[in-house]
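Chain and residue survey
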Amino acid sequence: MTMKIIVGCKLVPEEQDIVVQADGSLDVSRATPKISPFDLNAIEAAVEVKGLVGEAHITALSVGDKTLENSKALKDILSRGPDAMTAVMDDAYTHLLPEQTAEVMATAAREIGFDLILCGDGSGDLLAQQVGTRLGALLDVATLSGVSKIVSADNGKLVVERALESEVEVLEVTLPAVISVSADINTPAIPGMKAILAAGKKPVGTMTPSALGVAQGTASVELLETKAPKQKERLNVMIEGDGEDQIAELVSHLRKILN
């Protein structure tokens, strides 16, 4: 039987294209959309699971606005291993918060069908680290976060590891399940030319909230603004030399700053 894997993919603005305005607000109007770096790990983990089970179909699932029409970004996602992609698009989905994203993804996942959903540790913009956990709760399936290694996949079960502060947990999870992987679970592969060319032939489906029957409910959290942190003025303290007195002076300045 073919395992159905869904991997969450979010498009975020390219950091180097973001302009910080005088008031600290961020202008992303000219920023190129790209895959959230954490989702690259989730895609690579999905490909690894497919290799373990042999028969699997990977669907990349993304929720957002018309940014999801960016063909270059979609091709980049598909060139990394997914067999198909589903995009849930709406103009109201520009600044979704984790609880809203999870609700839409849960509805779409039920429609697509799944044995395993893989998510990144967070997103490259908000890094709220909530979507995977909320998604698992909404779907009422086994849910794990911070997974640092997928050891095996067989007979409807996964064996995974989580690296804790002073130990490593080995856990067995029965499918269906939602798993959020840590950023150190793997090193995402760079797609070759053959994979990039093949990506253009893979199916991309779109869904709308109305087609899914997703209600536009009132969010319990409202995003008021996003600003860059204020830059502190440089004190320009110069300490010359490497003797004990100079080292002590450096330590003294550092203590003042930290305290």
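Before reading on, note that the structure itself is shown above.
The notes below deal with the structure included here. (Residues numbered from 1 in each chain as written. Predicted model: local features only at pLDDT ≥ 70, side-chain atom pairs only at ≥ 80, totals over all residues. Heavy atoms only, no water.)

1. Looking at the sheet that holds strand 14 (residues 204-207)
Condition: Here, a strand pair is defined by DSSP locating no fewer than two bridges between the strands. Where helices and strands are cited, they refer to DSSP runs of H or I of at least four residues and of E of at least two residues respectively, numbered from the N terminus. Lines fitted to C-alpha atoms define the axes, with helix axes restricted to the stretch in contact, and inter-axis angles between N-to-C directions lie between 0 and 180 degrees. Contacts are assigned to residue pairs that have any heavy atoms within 4.5 Å of one another.
Taken in spatial order, the seven strands of this open sheet run 9-13-8-1-6-7-14, and their pairing is parallel. Bordering the open sheet on either side are strand 9 (142-147) and strand 14, each of which pairs with just one other strand. Looking at each pair of strands side by side, their axes are set apart by 20° on average, direction ignored. In the sheet, strand 7 (residues 84-89) pairs with strand 14 via four bridges, with the strands oriented parallel. Bridging across to strand 14, Met 85 finds its partner in Val 204. Helix 3 (residues 98-112) contacts strand 1 (3-8), strand 6 (56-64), strand 7, strand 8 (116-119) and strand 14 of the sheet and is inclined by roughly 150° relative to strand 6.

2. Let's talk about the layout of surface pockets
Where empty space is left can be seen by rolling a probe of water-molecule size over the atoms. For clarity, the threshold we go by: Both site types are read off a 1 Å grid over the protein atoms alone. A 1.4 Å probe that fits but cannot get out defines a cavity, while an open set with protein on both sides within 12 Å along at least five of seven lines defines a pocket; lining residues have an atom within 4 Å of a point. Grid points are joined across faces, edges and corners, and a volume is the space filled by probe spheres set on the points. In this classification, the charged set is Asp, Glu, Lys and Arg, the nonpolar set is Ala, Val, Leu, Ile, Met, Phe, Trp, Tyr, Cys and Pro, and all remaining amino acids, among them Gly, are polar.
When its volume is computed, the largest pocket comes out at roughly 1,300 Å³. Lining of the largest pocket is provided by 50 residues; of these, Lys 10, Leu 11, Val 12, Thr 94 and Asp 125 occupy positions nearest its centre. When residues of the lining of the largest pocket are traced back to their parent elements, those giving at least two are strand 2 (11-13), strand 6, helix 3 and helix 4 (131-139). Ranked by the residues each element gives to the lining of the largest pocket, the list is headed by strand 6, at four residues. For the lining of the largest pocket, the residue count by class is 22 nonpolar, 20 polar and eight charged. Here the second largest pocket is characterised by a volume of approximately 270 Å³. For the lining of the second largest pocket, a count of residues per class yields six nonpolar, one polar and four charged.

3. Some words on the pattern of salt bridges
Quick note on the threshold: Any Lys or Arg side-chain nitrogen found within 4 Å of a carboxyl oxygen on Asp or Glu counts as a salt bridge. Exposure classes here rest on a 1.4 Å probe applied to the protein chains alone. A residue is buried below 20% of its type maximum, exposed above 50%, and partly exposed in between.
Per the stated rule, a full pass over the model turns up eight salt bridges. Here Glu 169 and Arg 162 are joined by a salt bridge, their closest N and O atoms 3.0 Å apart. On the basis of relative accessibility, which here comes to 25%, the residue Glu 169 falls in the partly exposed class. One continuous salt-bridge network, built from bridges that share partners, spans Glu 14, Glu 15 and Lys 34.

4. What to know about the nonpolar core
Rules: The nonpolar core is taken to be a set of buried Ala, Val, Leu, Ile, Met, Phe, Trp, Tyr and Cys residues, with the residues joined through side-chain atoms within 4.5 Å.
Core analysis: the biggest nonpolar cluster contains 38 residues, and Ile 5, Val 7, Ile 77, Leu 118, Leu 158 and Ile 179 have the highest contact counts within it. Tallying contributions element by element places helix 1 (residues 37-53) first for this core, with six residues. In this structure Ile 77 touches Cys 9, Leu 11, Ile 35, Ile 43, Ala 60, Pro 82 and Met 85, once residues within four positions along its chain are discounted. Core analysis: the next-biggest nonpolar cluster, separate from the first, contains 21 residues, Ile 6, Tyr 93, Leu 135 and Val 214 among them.

5. A short note on the packing of helix 3 against helix 4
Counted only if it meets this: For classification purposes, angles smaller than 35 degrees are called roughly parallel, those larger than 145 roughly antiparallel, those between 65 and 115 roughly perpendicular, and all remaining angles oblique. Helix crossings get a hand from a simple test, with the near helix turned counterclockwise from the far one by less than a right angle marking a left-handed crossing and a clockwise turn marking a right-handed one.
In the contact formed by helix 3 and helix 4, the axes pass within 8 Å of each other and the chain directions differ by 50°. Between helix 3 and helix 4, the angle is such that the two are oblique. Here the hand of the crossing between helix 3 and helix 4 comes out right-handed. Between helix 3 and helix 4, the contacting residues are Pro 98, Glu 99, Thr 101, Ala 102, Glu 103, Met 105, Ala 106, Ala 109 and Arg 110 on the first element and Val 131, Arg 134, Leu 135, Leu 138 and Leu 139 on the second. Class assignment for the residues of the contact of helix 3 with helix 4 results in nine nonpolar, one polar and four charged.

6. A short note on helix 3
Applied cut-off: For a helix, the expected span equals 1.5 Å multiplied by the residue count minus one.
Taking 1.5 Å of rise per residue, 15 residues should cover 21 Å, and helix 3 covers 20 Å from first to last C-alpha, within 8% of that figure. The complete set of buried residues in helix 3 reads Pro 98, Glu 99, Thr 101, Ala 102, Val 104, Met 105, Ala 106, Ala 108 and Ala 109. Directly after helix 3, the chain includes Gly 113, whose backbone phi takes a positive value near 90°.

7. So, the pairing of strand 12 (residues 168-174)
Alignment of strand 11 (residues 157-163) against strand 12, held across seven bridges, turns out to be antiparallel. Bridge pairing in strand 12 places Val 159 opposite Glu 172. Linking two consecutive strands that pair antiparallel, namely strand 11 and strand 12, is a turn of four residues.

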